[in-house]
Each structure stands twice: as structure tokens, then as C-alpha cells.
There are 2 protein chains.
Amino acid sequence: MNKTYEVFMREALKQAELGIYTTSPNPNVGCVVVKDGKVVGKGYHYQSGMPHAEVYALEMAGDNAIGADLYVTLEPCCHYGKTPPCINKIISSGIKKVVIGMLDPYLLVSGKGILALRNAGIDVVVGILENDSRELNLGFISRVTRSRPWVSVKLGVSLDGRTSLQNGTSRWITCQASREDVHKLRARSDLIITGSNTVCIDNPLLNVRGMSVNKSITKLIIDSKLRTEPDSLIYNQGDRVLLATNSKKTALKKFIDSLNIEIWDDISLNERVNLPLLFNKISKKEYSYVLVEAGMNLNGALLEHNLIDELILYMSPKILGTSSLGMFQIPEIENLENKFGFNFHSVNKLDKDIKIILRKNI
Amino acid sequence: MNKTYEVFMREALKQAELGIYTTSPNPNVGCVVVKDGKVVGKGYHYQSGMPHAEVYALEMAGDNAIGADLYVTLEPCCHYGKTPPCINKIISSGIKKVVIGMLDPYLLVSGKGILALRNAGIDVVVGILENDSRELNLGFISRVTRSRPWVSVKLGVSLDGRTSLQNGTSRWITCQASREDVHKLRARSDLIITGSNTVCIDNPLLNVRGMSVNKSITKLIIDSKLRTEPDSLIYNQGDRVLLATNSKKTALKKFIDSLNIEIWDDISLNERVNLPLLFNKISKKEYSYVLVEAGMNLNGALLEHNLIDELILYMSPKILGTSSLGMFQIPEIENLENKFGFNFHSVNKLDKDIKIILRKNI
């Protein structure tokens, strides 16, 4: 019985995945309607303001929904948002049983959808392939449960943990396949963060290239002392840029003149940008999934502030030696405990490189 | 047909593996005799001076060898060494077909065994699971074909490529499972090399512990300026120690007094030990498989001299920061080509750590 649940939940997850580049700030949700062992309706949530996955699946199923089972990766909503509650639609369609991947992580409504379905006499099963559903919504879950985004720090490193030569050269430590994979990471994220050093030294675009999906991603530059220049590529590529700074320099006027740039100067702490406050503000602005592509200073500061949820390392077999730049600038450590609490999550080969993902212990 | 060859060659490889802790300086060889699809004899080479794998397998097979197939991982020998040539025994036993993993890598005899078998009217097939047979004899092959040992450099590193805290602490960056695996590496090696820094700072034993196999492994300390002290643990544990030095200090007398220590002072170049010459001498002394457990100075020097065949990294998820010590001290690099030519060979999880093996491009 459980096997059947998983088979069809996997179909619903495949549907949900189709929205990974478009649903934010909403979660990824997929749905299938199953009658006599066959999928008779399917759908996914495409974008905020558009109908939910259940609506598409039930419309496709039509009268076949009567007596059928509905599989949905996230608990159906029971409240009026931008669209009417899915619960009503499910109940009125004649569905007999609802199989759910995970509860709504938003505490105020979590479990209410299930209750409403059960009150209407519908069988409900919860927690089928729950982890897979979570994986699709790390950003959304983090934002609604912790008031901060999911933060992935991406690093392209040599075998010996170096991100750049002493002369500043970092193009390219990793292989073509790794760099292409980074564009997928970017396309899935809502916000890309970097620091002033990276902008000054690398002058990167940090946009999405070489993919069928054409997505403009907001950037956030953390530049406490306003060391970046308005003519840097990142400020002039059309994508929206947030500039987090503590500077009151008159030079700031040059940035204010640009329509694409939004100044965030209300998050200072002494001379520095207050990182925990900054990430809370990012969450309030509904950026759920944040990708950091920065150097050892910002990476080290985020580590120290316990703000990194995931590390994504693209590791090359090259060796750059001790004169090259490292990954995390942090105060000297005194003992060898696992201070920052990461665990290896997965390792995959990417042509010449390996991709290593670590997650924070929860 | 090929499938059958592989099935029984795998049985022969399993036999060969039984000798991995004992055959050096001889190669690991395994053999099975197959009659009517059944193994009727098997054997492996246990130790120099003892009979070869084929002899054990044929003796076990007895009269069943008549008309049977013999599988052997390495080309049978056709010359008188410490034991008579296996070829004679195979021919006289009535074997019909011989299936061979790899040719004898020793050029003077390579192919001669096959020729002798064919001249005697025996079918010969060569190259079945050849790579697996090579893997079992990396050291032996290196020594007889390149006059230098196979050199594996082992490193226990943090996620950010650090081998020690600034205060010298390196116990323990890696987890228990990794450290146990290192003892297996040691047990398979013929010689363990370290540098004077490691002896002075860590005072290690570098012996084999916690394994059923009780093996005494020779150590080689590279100590150009004689900075180590005779009362260091490594000189006083019973295992043989080679001391490669350029020093003519009177202090050397203290080492000469020890029965366990052999001074190698004929390999100097200016003020330093001449590493290529040293490795040539190691090979002449019939050490085939060398494990290096050293710090960033010796590791860097071996890298620069192109003397590393394999890197074995035990990587922990801990982060130690840029103030900690790195993996390879080498002159500053100017561009990002893969200067040292390593490739990722395998990655495996070891409890909390991952084990990454890289090999040199050949």
C-alpha cells in the first residue's frame, strides 16, 4: 500500500519541480489525481497569483475525480489568499482520499487543511516522501518558520581549499560543467548576495546564462564602506540590485540616481552592516532562497554569525598552494571540535570536478 | 564467453587479495583452476620464497587439471627465480587454456610466459579485468617499470583544506572511521615516509594499530638538517627506521648507536636531500608501495618534484579558517592550469568524513 503512495507521490513531486524557477515567493507544489491506478489529472503551481496545483489537476480529471485519490506534495490551503481555498474545490469534486507530502509549514494554518478534509469525510494520509517535498521548498519553509531565508554559500575551490591565486585570478578554477551547474543554482535562487571585495576584484555579472529559462535575479551587494563603483558591471546589467551599506558618503548619490538600485542603509551596527538584521529584512521582503557568491571575508562573517544553511563546493583537482587565498576568514580557532556543525550531504562528479554539498546540523 | 572469463577472473582476484599484506616485494597473484564450470583448485602467492599461486591451485586440482582452464591474474613466470618456473608446472598438468589478467610488467620477461604456453599448444587469453590486477600491484609495477615506488600521499584535512591549527593541533581533524582506514593504508604499504617537522611537532608512531594483521613497517624520516631527536617515539618503537639526512653533525652519532636506525646520507643535493635520487634508492631497496604522511613542506616538495602518484584525502566537515595550516607549500602559482595533473579517482563516505582519492594523469 505504502509503495503505491510513493509511486504517485513521486509523480506529484515531478509536477512540483516544473515550477522551481517561477513560483517564488510561493512554494513549489505538485498534484496528481489517481483513479483505478491511473493518473487522470495533474498540475503544478506555476506562479504567485495563478491557480494552485490542485485546481489544475482536478480540472483535468473532471468527473473522473469522483471517488478518486488526490496526491499533493503540500497540505492544501483552507484560506482565501490571492486564490480561493483548494479545500473547497477538493471536497466538491468528490475526491475520496487525499495523500499529502508535508504539512503546511506556516504554523497559523498548518494542519487546518487536513482537519477540514477529514471533517468532510475524506480519508487523509500525511507524510509520504516528506523529505522530497521539503527539498523543493527549503527557502519557503525557512522564511515562514524562521523569518530568514535559506542561505546557500557557493564556492569554487581547488583541491587544497583555495578560491583565488594571490594575484587575484580566480577564472577559472573549476571546469565548464561546474560553471554551468552554478547557473542552475542561480536560476533557482531569489537573491544572489556578494561582497564589495568580489565586485571590486572580479567585477562579476552573477546573472543566469546559457539556460533555456530566462530569469532576472535580484542581487544584493554588501558594501559597508561603499567601496564599489556605480560603473561596476553588476549595477549596469538591467537586473535589480540592492545595496546594503553603512556609508553616508556623498558618493551614495551616484547610486541613488540609478533606477535599478535600491539602497538599504537601515541595517547598520557600528561601522558594519548588521548581518542577522539584514537577513531578517531579506526574509521580510519575501526572498526565500539566497545564494551567496563571495570571498573569504563575507563567507567567514556569515559563518561566524551562524547564517549559512548549506555549503555548495565545486572542487577542482587543481592544487594552488598555500600562497593562494582561502575559503573562510575567521578568528583563530583553538580546538578541533566541529564548531560550525556542518555535515556532508552529497558528493557528485561533474566532469573534471566534484560537487560537494554540506548542510548544517539542525 | 567474455562474461565467464570475468566471473572466474574475479575469483582469481579474490585469491590475489589475500596476499596484500604479505607478498611485497613480490606481486599479488591469485589463481583458480576451472573444470566444467566449477572451481577445482585455487591459490595465491603468500610471501617471497613461497610457491606461486599457480602451484597451489594446480596441486589442489590434481588430476582435475587435465583439460581444465587456469585463470591467473598475472602472466605466469617462465624463469627460475627463488622457485621453479610456473610455466613447466602448467604445461605438465594438462591444462587446456590459460586466462591471464595482465602481462608481467617486467619488460625482460613480459610476454615470454604466454609464448611458452602457446608453443606447448595451450590456448591463451590475455587482458581480462586487467585494471583490477593492476590495482593490486601498483607498487610492484611502478618499481619494475619506473625504478621508483608508487607514492601515495595521505592527508587528513578540514573542509577548507587545512591540516592543523595555527597552534599545531591536528589531533583529530578527521573522525574515528577515517583514522581506522589509515591503518589499513599503512598495513598495505612497504614504507612510511614523514618529514622532520612532523616528527618534531606531532611526535607520531606511524605504526599499524587496531588490525588483526600484525605488521611492522619500515619508516623513512627525511631530515636534511638533523632536527629530530633520537628519543622521538618513531625511533624507539621497534620498527626499522631509515634516516635520510644531509647532516654531518656529530649529533648523528647518537642515531648510529641505535640498531634499528639506518642512516642514508648519500643522497644529498646542496643542503637538501635529493628527492628523486632518494626515491630511486627506495625502489632499489625493493620498497614498492610508499605512503607519505607529512606536512605542507614535504608534501609541497614532492609535488614540485612530480613524485606523487596518488593523493588520499580524508576530509572532515570541520572548518578551520585561514589562520590554520594548508596542504602544500609551493612557490606562488601564476595561472590556473591543472599544473600538477591530478584527476579525481573516487570519493567515498567514511562516517562523518569523505575519503577522496586522486591519481596523476599518466
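On a predicted model such as this, the values are computed, not experimentally measured, just so you know.

Each value, and the rule that gives it
Counting restarts for each chain, with residues numbered from 1 along the sequence as it is written. Following the order in which they are written, the chains are lettered starting with A and the ligands numbered starting with 1. Only residues with pLDDT of 70 or above have their local features reported here, since the model is predicted, and side-chain atom pairs are shown and tallied only from 80 upward, although totals for entire chains, interfaces and linings are computed over all residues. As a convention, hydrogens and water are excluded, and side-chain values are obtained from all of the structure's heavy atoms. When DSSP finds two or more bridges between a pair of strands, those strands are recorded as paired. By the criteria applied, helices consist of DSSP H or I runs no shorter than four residues and strands consist of E runs no shorter than two, each listed in order from the N terminus. Each axis is a line fitted through C-alpha atoms, and for a helix only the stretch in contact is used; angles between axes span 0 to 180 degrees, taken between their N-to-C directions. Residues count as neighbours in contact if any of their non-hydrogen atoms are within 4.5 Å of one another. A 1.4 Å probe rolled over the protein chains alone gives each residue an accessible area, and that area as a share of the maximum for its type sets the label: buried under 20%, exposed over 50%, partly exposed in between. The pLDDT score gives, residue by residue, the confidence of the prediction method on a 0 to 100 scale. Throughout this description, the term nonpolar core refers to a set of buried Ala, Val, Leu, Ile, Met, Phe, Trp, Tyr and Cys residues connected via side-chain atoms within 4.5 Å. For Phe, Tyr and Trp, rings pair up if their centres lie within 6.5 Å, where Trp contributes its six-membered ring, and each pair is then called stacked (planes under 30 degrees apart), edge-to-face (over 60) or tilted (otherwise). Here, a charge over a ring is recorded when the distance from Lys NZ or Arg CZ to the ring centre is within 6 Å and its angle to the ring normal is within 35 degrees.

### A short note on the sheet that holds strand β14 (residues 310–315) of chain B
All names here are of chain B.
Reasoning step 1: With mixed pairing, the nine strands of this open sheet are ordered in space as β10-β9-β8-β7-β13-β6-β14-β16-β15. Either end of the sheet is taken by a strand with one partner, and the two such strands are β10 (261–264) and β15 (342–350). On average, adjacent strands in this sheet sit at an angle of 20° to one another, irrespective of strand direction.
Reasoning step 2: Both strand β6 (residues 150–157) and strand β13 (residues 289–292) contribute to a ladder of four bridges, which runs parallel. Each residue of the ladder has a partner; that of V151, found in β13, is V290.
Reasoning step 3: Set on the sheet, helix α6 (residues 138–146) makes contact with β6, β13 and β16 (353–360); between it and β6 the angle comes to about 135°.
Reasoning step 4: Sheet contacts for helix α10 (residues 275–284): β6, β7 (191–195), β8 (218–222), β9 (241–244), β10 and β13; angle to β8, the most-contacted strand, approximately 165°.

### A word on unusual backbone geometry
Reasoning step 1: The amide bond that connects R171 of chain A to the next residue, W172 of chain A, takes the cis arrangement and shows omega of -10°.
Reasoning step 2: For W172 of chain A, the location among the structural elements is in the loop between β6 (150–157) and α7 (176–188).
Reasoning step 3: Here S24 of chain B and P25 of chain B are connected by a cis peptide whose omega angle stands at 10°.
Reasoning step 4: The topology assignment puts P25 of chain B in the loop between α1 (2–17) and β1 (30–35).
Reasoning step 5: The phi angle at L206 of chain A is positive, at roughly 55°, despite the residue not being glycine.
Reasoning step 6: By secondary structure assignment, the location of L206 of chain A is in the loop between α8 (196–202) and β8 (218–222).
Reasoning step 7: By relative accessible area, L206 of chain A is classed as buried at 5%.
Reasoning step 8: For N203 of chain B, which is not glycine, the phi dihedral falls at a positive 45°.
Reasoning step 9: Along the chain, N203 of chain B falls in the loop between α8 (196–202) and β8.
Reasoning step 10: Of the residues examined, N203 of chain B reaches a relative accessible area of 31% and is grouped as partly exposed.

### Concerning the confidence of the model for chain A
Reasoning step 1: Averaged over all residues, the pLDDT of chain A is 93; the fraction at 70 or higher stands at 99%.
Reasoning step 2: Taken together, the chains of this predicted complex give a pTM of 0.93 and an interface ipTM of 0.91.

### Quick look at the nonpolar core
Reasoning step 1: One finds L278 of chain A together with L278 of chain B to be the most contacted residues of the largest nonpolar core, which totals 90 residues.
Reasoning step 2: L278 of chain A has contacts with L220, I222, A244, W264, I267 and V273 of chain A, leaving out every residue within four places of it along the chain.
Reasoning step 3: Core analysis: the next-biggest nonpolar cluster, separate from the first, contains 25 residues, L138, L185, A187 and L350 of chain A among them.

### Considering the packing of aromatic side chains
The description of an aromatic ring pair rests on the distance of the ring centres and on the angle between the ring planes.
Reasoning step 1: Under the counting rule described, the total for this entry stands at six aromatic pairs over all chains.
Reasoning step 2: For the ring pair Y235 of chain B and F255 of chain B, a centre distance of 5.0 Å and an interplane angle of 70° mean the geometry is edge-to-face. Here the residue Y235 of chain B occupies a position in the loop between β8 and β9, and F255 of chain B occupies one in helix α9 (residues 252–256), the gap between them amounting to 20 residues.
Reasoning step 3: Owing to a relative accessible area of 1%, F255 of chain B belongs among the buried residues under this scheme.
Reasoning step 4: If you follow K281 of chain A out to its NZ or CZ, it ends over the ring of W264 of chain A, 4.5 Å from the centre.

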